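Structure assessment
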Amino acid sequence: QDVYSRLLREIVVPKIRLVVSSQWQVRTFEPVVQMLESIKPLLPTGLLDVLTRQCVVPALKRAVDSWNPRNDRVPIQTWIHPWLNLISPAAMEPVYAQVRYKFGLVLQDWHPSDASAFSVIAPWHKVWKQRDFESFIGRTILPRLVGALREQFVVNPHQQRLEPFQWVICWQPVMPTSAVVHLLATEFFPKWFHGLHTWLSAQPDFEEVSRWYLGWKEAFPPEIRQAPQIKVMFNQGLD
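These notes cover the structure that comes with them. On a predicted model such as this, the values are computed, not experimentally measured, just so you know.

Parameters and conventions
Residues numbered from 1 in each chain as written. Predicted model: local features only at pLDDT ≥ 70, side-chain atom pairs only at ≥ 80, totals over all residues. Heavy atoms only, no water. Helix = DSSP H or I, 4+ residues; strand = E, 2+ residues; numbered from the N terminus. Buried < 20%, exposed > 50% of the residue type's maximum accessible area, 1.4 Å probe, protein only. Contact = heavy atoms within 4.5 Å. Areas by Shrake-Rupley, 256 points an atom, 1.4 Å probe, with all protein chains shown as cover. Bend = angle between axes of the 7 residues up to and from the residue. Salt bridge = Lys/Arg side-chain N within 4 Å of Asp/Glu carboxyl O. Axes fitted to C-alpha atoms, helices over the stretch in contact; angles between N-to-C directions. Parallel < 35°, antiparallel > 145°, perpendicular 65-115°, else oblique. Left-handed = near helix turned anticlockwise from the far one by under 90°. Nonpolar A, V, L, I, M, F, W, Y, C, P; charged D, E, K, R; others polar. Arc of directions from axis to C-beta. Patch = residues over 30% accessible without salt bridge, like charges linked within 9 Å, V, L, I, M, F, W, Y side chains within 5 Å.

All right, on to the overall build of the protein chain then. Helix and strand counts for the protein chain come out as 13 helices and zero strands. When its helices and strands are written in sequence order, the protein chain yields α-α-α-α-α-α-α-α-α-α-α-α-α. Each principal axis of the C-alpha atoms in the protein chain carries an extent, and together these give about 90 × 35 × 25 Å. Considering the protein chain as a whole, with its 239 residues, one finds that 42% of them fall into the buried category. Of all intrachain contacts in the protein chain linking residues separated by at least 6 positions in sequence, the fraction that spans at least 24 positions is 70%. By element, 55% of the accessible surface of the protein chain is carried by carbon and sulfur atoms, the whole surface being about 13400 Å².

Next comes the structure, spelled out in structure tokens:
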């Protein structure tokens, strides 16, 4: 076993390290991924981790450092996610941190009407640590959603514009339910109650009001609609 391990460490690994560090283009990931997957069963415990930490992770980090998400049309996950089965989350953390930093810079100019941000960020939902993902969303996305509901959402039963509400609901699959519920309770429902009260005070057609009420309930995703705080809000509206 010692001879076998020495053979790998002194002959095989240096050749791999040389090729990866000097000839490999990060975005052409297939050859290196396939090569490491093929030799993974043959490596002593821990050697693959050492190899990827010393060679692959620094190369990925340099590539992310030079990556410009504003004008790069190739989604970054296409050349980072193929490594998830070979490199531990702990080893990849410096790469993830730099990705979050780059996303954060771009999102400074983001408006919730731009749905492309969701398609860029959602693939990292189960990749980053939960606390890191939720912190990132709370810092970059949530304040913009609050602003959209506060500044652009108006309840008008006769000419309802749904887009600001839909911008918020779009993010529900990757946000904690508690955060979405709190956002709607504080920014959506006060306007909704006011609009409903104004409408009821004008002797409306109550069948129209009923359809409007049920339509709004259906607009909420089931996970949010079933939350106790949201149930209370809709029951208050019904009363």
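Turning our attention to helix α10 (residues 177-200). Considering bend angle alone, the principal kink of α10 is centred on Phe188 and spans about 40 degrees; proline Pro190 follows within four residues of it. All buried positions along α10 are accounted for by Val180, Val181, Leu183, Leu184, Ala185, Glu187, Phe188, Phe189, Trp192, Gly195, Leu196 and Trp199. Of the surrounding elements, those touching the buried residues of α10 are α8 (142-152), α9 (163-169), α11 (206-219), α12 (222-225) and α13 (228-238).

Let's shift gears to the pattern of salt bridges. For the coordinates displayed, the defined rule picks out 10 salt bridges. Residue Arg27 pairs with Asp72 through a salt bridge whose shortest N-O separation is 2.5 Å. Taken together, the positions of Arg27 in the loop between α1 (2-22) and α2 (30-39) and Asp72 in the loop between α3 (47-66) and α4 (77-80) put the pair 45 residues apart, joining distant regions of the chain. The exposure class of Arg27 is partly exposed, given its relative accessible area of 39%. Residue Arg150 pairs with Glu187 through a salt bridge whose shortest N-O separation is 2.4 Å. One end of the pair, Arg150, is in helix α8; the other, Glu187, is in helix α10, and 37 residues separate them in sequence.

Even without glycine at this site, Gln203 takes up a positive phi of about 50 degrees. By the secondary structure assignment, Gln203 is in the loop between α10 and α11.

One can describe the packing of α1 onto α3 by two numbers: an axis separation of 10 Å at closest approach and a directional angle of 30 degrees. It follows from the interaxial angle that α1 and α3 lie roughly parallel. Our pair here, α1 against α3, has a crossing hand that is right-handed. Contacts from Leu8, Arg9, Val13, Ile16, Arg17 and Val20 in α1 reach Leu47, Leu51, Gln54, Cys55 and Val56 in α3. Its residues placed into classes, the contact of α1 with α3 shows eight nonpolar, one polar and two charged.

With that out of the way, let us pick up α13. Here α13 has its buried residues at Ile230, Met233, Phe234 and Gly237. One side of α13 holds all its buried residues, which, seen down the axis, span an arc of 90 degrees. Turned more than 90 degrees from where α13 packs its buried face, Pro228 and Leu238 sit exposed. As for α13, its buried residues are in contact with α10, α11 and α12.

Taken together, the side chains of Tyr4, Leu7, Ile11, Val12 and Leu42 define a hydrophobic patch exposed on the protein surface, amounting to about 420 Å² of accessible area. Among the secondary structure elements, Tyr4 is positioned in helix α1. With relative accessibility at 34%, the residue Tyr4 sits in the partly exposed group.

Mapped onto the fold, Phe153 is located in the loop between α8 and α9. Here Phe153 is in contact with Ala148, Gln160, Arg161, Pro164, Phe165, Phe188, Lys191 and Trp216, once residues within four sequence places are set aside.

Looking now at the side chain of Gln77. Relative to the assigned elements, Gln77 resides in helix α4. Filtering out sequence-adjacent residues up to four positions away, Gln77 remains in contact with Pro82, Ser119, Val120, Pro123 and Trp124.

Attention now moves to the side chain of Thr52. With respect to the element layout, Thr52 can be found in helix α3. By relative accessible area, which is 0% here, Thr52 ends up buried. Those residues in contact with Thr52 that lie beyond four places of it in its chain are Leu36, Val57, Pro58, Leu86 and Ile87.

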